[in-house]
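Examination of the molecular architecture
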Amino acid sequence: MSSQPAPLTSNAGKLEPIAIVGIGCRYPGGADSPQALWRLLCDGVDAISPIPPDRFDADSLYDPRPSAPGKIAAHFGGFLREPLDQFDAAFFGISPREAVAIDPQQRLLLEIAWEALEDAGLPRERLAGVRGGVYVGMWSNEYEDRMYADIRDIDLYVTTGGGRYSASGRLSYIFDLQGPSLTLDTACSSSLVAVHLACQSLRDGESTIALAGGVNLILQPHISIGYSRSRMLSPDGRCKFGDARANGYVRSEGAGMVVLKTLSQALAAPHTATTAMPIQPQPSGAWRKTSQPTAAAKAICTYMKGISVAVGARPKARTSIRWPSVPSVPMASSRPICSPVASCS
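Here's a quick rundown of the structure.

Side note on the overall build of the protein chain
Secondary structure summary: the protein chain contains 12 helices and 9 strands in total. Within the protein chain, the fraction of its 345 residues that count as buried is 48%. Expressed as a percentage of contacts within the protein chain between residues at least 6 apart in sequence, the contacts between residues at least 24 apart total 75%. Summed over its atoms, the accessible surface of the protein chain is roughly 16600 Å², and 58% of this surface lies on carbon and sulfur atoms.

Next up, the structure:
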């Protein structure tokens with residue numbers, strides 16, 4: 001006999017809806033909060049920009065011919081505005097030596113997870129030891145490639161700071177969550193699968209609360225080179241889905257995290273800062289936001305007005321810890337290698 005608890009159900013035997021009780025995010029165009037993202041979408045802001053110089057030498061790699069070997073036929077992408085070398089390591093109890101080796105993607109996950117929990121009105125002290133699951137979608141670790149370029153600098157912190165496997169575990173450790181902790185790589189669907197598994201864990205009673213989301217930063221040119229040769233990238237930096245002018249897609253960065261509970265638990269929790277926005281599965285397997293009649297619209301409007309609860313300390317002004325300098329990528333060989341030179345600030 002299985003010892004697993006039966007899936008949580010609501011009326012008429014339907015699966016228990018899942019509620020979003022907190023959100024944290026970083027997206028192109030300066031969208032560093034759900035409210036800022038909402039404004040960006042409502043105002044129709046164009047968040048596409050040229051490739052920043054601290055990622056790689058885009059000018060030396062540019063070639064308007066999509067099939068050119070070792071080149072990229074696009075100058076544009078969706079990039080975060082904030083400097084990637086800025087991080088308040090001391091706030092999270094991380095030593096300067098370890099912080100140097102931590103992938104900026106993991107640093108972003110720490111920040112947005114904290115903000116999502118703050119948005120939910122859940123201070124870390126209240127989470128300690130709870131059966132909380134962490135599900136992170138993360139399909140690249142290009143910072144690790146940079147750090148591994150010089151074997152003299154490799155130590156244990158480099159191996160844990162760059163490995164994708166540690167992204168979810170670091171969140172579980174920092175917040176003392178005792179539930180499942182998984183980092184997922186299903187390519188472009190990684191974040192969606194993370195949310196799906198988090199919802200399953202909550203319904204199965206495996207977790208009482210879950211963090212689910214994903215992160216992506218573009219730090220190396222190699223994937224863009226491959227996509228360019230396959231004619232997948234839009235030369236003008238614009239996606240035109242369903243349009244006869246469509247000529248490819250645009251690579252972008254970002255990080256997002258949601259705090260999830262079953263709807264019944266979310267509505268019963270007095271500390272929840274935002275009105276619950278339930279996620280309900282559809283027969284086709286698709287997902288959409290829903291709730292009782294008229295409640296969903298009220299929930300979204302209430303949330304977007306910026307209702308939140310301050311729950312204590314937040315990361316201080318971010319200080320520069322380290323960012324490997326970006327050299328020109330040698331393109332003479334068929335397999336170019338980026339060899340960053342580490343520098344401490």
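What follows picks up the thread again.
Section: empty space enclosed by the protein
Under the criterion given, the structure shown has 4 cavities of 30 Å³ or more. Space inside the largest cavity adds up to approximately 110 Å³. Around the largest cavity sit 15 residues that line it, and Ile51, Phe76, Ser224, Leu233 and Arg251 are the ones nearest its centre. For the lining of the largest cavity, a count of residues per class yields 10 nonpolar, 4 polar and 1 charged.

With respect to a nonpolar patch on the surface
Together, Tyr148, Ile151 and Ile154 line one region of the surface with nonpolar side chains, adding up to about 290 Å² of accessible area. Following the sequence through the fold, Ile154 ends up in the loop between helix H6 (142–148) and helix H7 (156–162). Overall, Ile154 belongs to the partly exposed group, its relative accessible area being 36%.

Some points on helix H10 (residues 222–229)
Among all positions of H10, only Ser224, Ile225, Tyr227 and Ser228 are buried. Trailing H10 by a residue or two, Arg231 shows a phi angle of about 60 degrees, which is positive.

Here's the deal with the packing of aromatic side chains
The final tally for this structure, using the stated rule, is 6 aromatic pairs. On the basis of an interplanar angle of 5 degrees and a centroid distance of 5.7 Å, the ring pair of Phe87 and Phe92 is categorised as stacked. Look at Phe92 and you get buried, because its relative accessible area is 5%. An angle of 40 degrees between the planes, with centres 5.9 Å apart, marks the rings of Trp114 and Phe175 as tilted. Placement of the pair is Trp114 in helix H4 (residues 104–119) and Phe175 in helix H8 (residues 165–175), with a sequence separation of 61 residues. Site record: aromatic cluster; members linked through ring pairs are Phe87, Phe91, Phe92, Trp114 and Phe175. Seen from the ring of Tyr143, Arg107 lies directly overhead, with NZ or CZ sitting 5.6 Å from the centre.

Some points on the pattern of salt bridges
This model, assessed by the stated rule, comprises 13 salt bridges. Across the salt bridge formed by Glu111 and Arg26, the nearest N and O atoms sit 3.4 Å from each other. With a gap of 85 residues between them, Glu111 in helix H4 and Arg26 in strand E1 (residues 18–26) connect regions that are remote in the sequence. Judged by its relative accessible area of 8%, Arg26 falls in the buried class. Asp54 is the salt-bridge partner of Arg55, the closest N and O atoms lying 2.7 Å from each other. Arg55 gets classed as buried once you look at its relative accessible area, which sits at 2%. When its relative accessible area of 24% is taken as the criterion, Asp54 is described as partly exposed. It is possible to trace a salt-bridge network through shared partners that takes in Arg26, Glu82, Glu111 and Glu115.

Remarks on H4
Compared with the 22 Å implied by 1.5 Å per residue over 16 residues, the 22 Å span of H4 between its first and last C-alpha is a close match. Counted residue by residue, H4 has 16 buried out of 16 residues, so it is predominantly covered. The N-cap residue of H4 is Asp103: its side-chain oxygen and the backbone nitrogen of Gln105 are 2.8 Å apart. Positive phi shows up at Gly121, right after H4, with a value of about 75 degrees.

Let's talk about the pairing of strand E4 (residues 132–137)
Buried residues dominate E4, accounting for 6 of its 6 residues. Of the two faces of E4, both are covered, the one formed by Gly132, Val134 and Val136 as well as the one formed by Gly133, Tyr135 and Gly137. Relative to strand E6 (residues 209–216), E4 is paired through 6 bridges, and the arrangement is parallel. By the bridge assignment, Gly132 is partnered in E6 with Ile209.

Quick notes on the nonpolar core
Leu171 and Met257 are the most contacted members of the largest nonpolar core, which has 44 residues in total. Of the residues forming this core, the biggest block, 8 residues, is contributed by H4. Those residues in contact with Leu171 that sit more than four places away from it in its chain are Leu109, Leu110, Ala113, Val134, Val136 and Met257. Core analysis: the next-biggest nonpolar cluster, separate from the first, contains 13 residues, Tyr135, Ala194, Ala210 and Ala212 among them.

Reading the values: rules and limits
Residues numbered from 1 in each chain as written. Predicted model: local features only at pLDDT ≥ 70, side-chain atom pairs only at ≥ 80, totals over all residues. Heavy atoms only, no water. Helix = DSSP H or I, 4+ residues; strand = E, 2+ residues; numbered from the N terminus. Buried < 20%, exposed > 50% of the residue type's maximum accessible area, 1.4 Å probe, protein only. Contact = heavy atoms within 4.5 Å. Areas by Shrake-Rupley, 256 points an atom, 1.4 Å probe, with all protein chains shown as cover. 1 Å grid on protein atoms, 1.4 Å probe; cavity = no way out; pocket = protein on both sides within 12 Å on 5 of 7 lines; lining within 4 Å. Points joined across faces, edges and corners; volume = space filled by probe spheres on them. Nonpolar A, V, L, I, M, F, W, Y, C, P; charged D, E, K, R; others polar. Patch = residues over 30% accessible without salt bridge, like charges linked within 9 Å, V, L, I, M, F, W, Y side chains within 5 Å. Salt bridge = Lys/Arg side-chain N within 4 Å of Asp/Glu carboxyl O. Phe/Tyr/Trp six-rings, centres within 6.5 Å; stacked < 30°, edge-to-face > 60°. Lys NZ or Arg CZ within 6 Å of the ring centre and 35° of its normal. Expected span 1.5 Å × (residues − 1). Polar contact = N/O pair within 3.5 Å; in protein donor to acceptor, adjacent residues only side chain to side chain. Pairing = 2+ DSSP bridges. Core = buried A, V, L, I, M, F, W, Y, C linked by side-chain atoms within 4.5 Å.

Shape descriptors only; they carry no functional weight alone.
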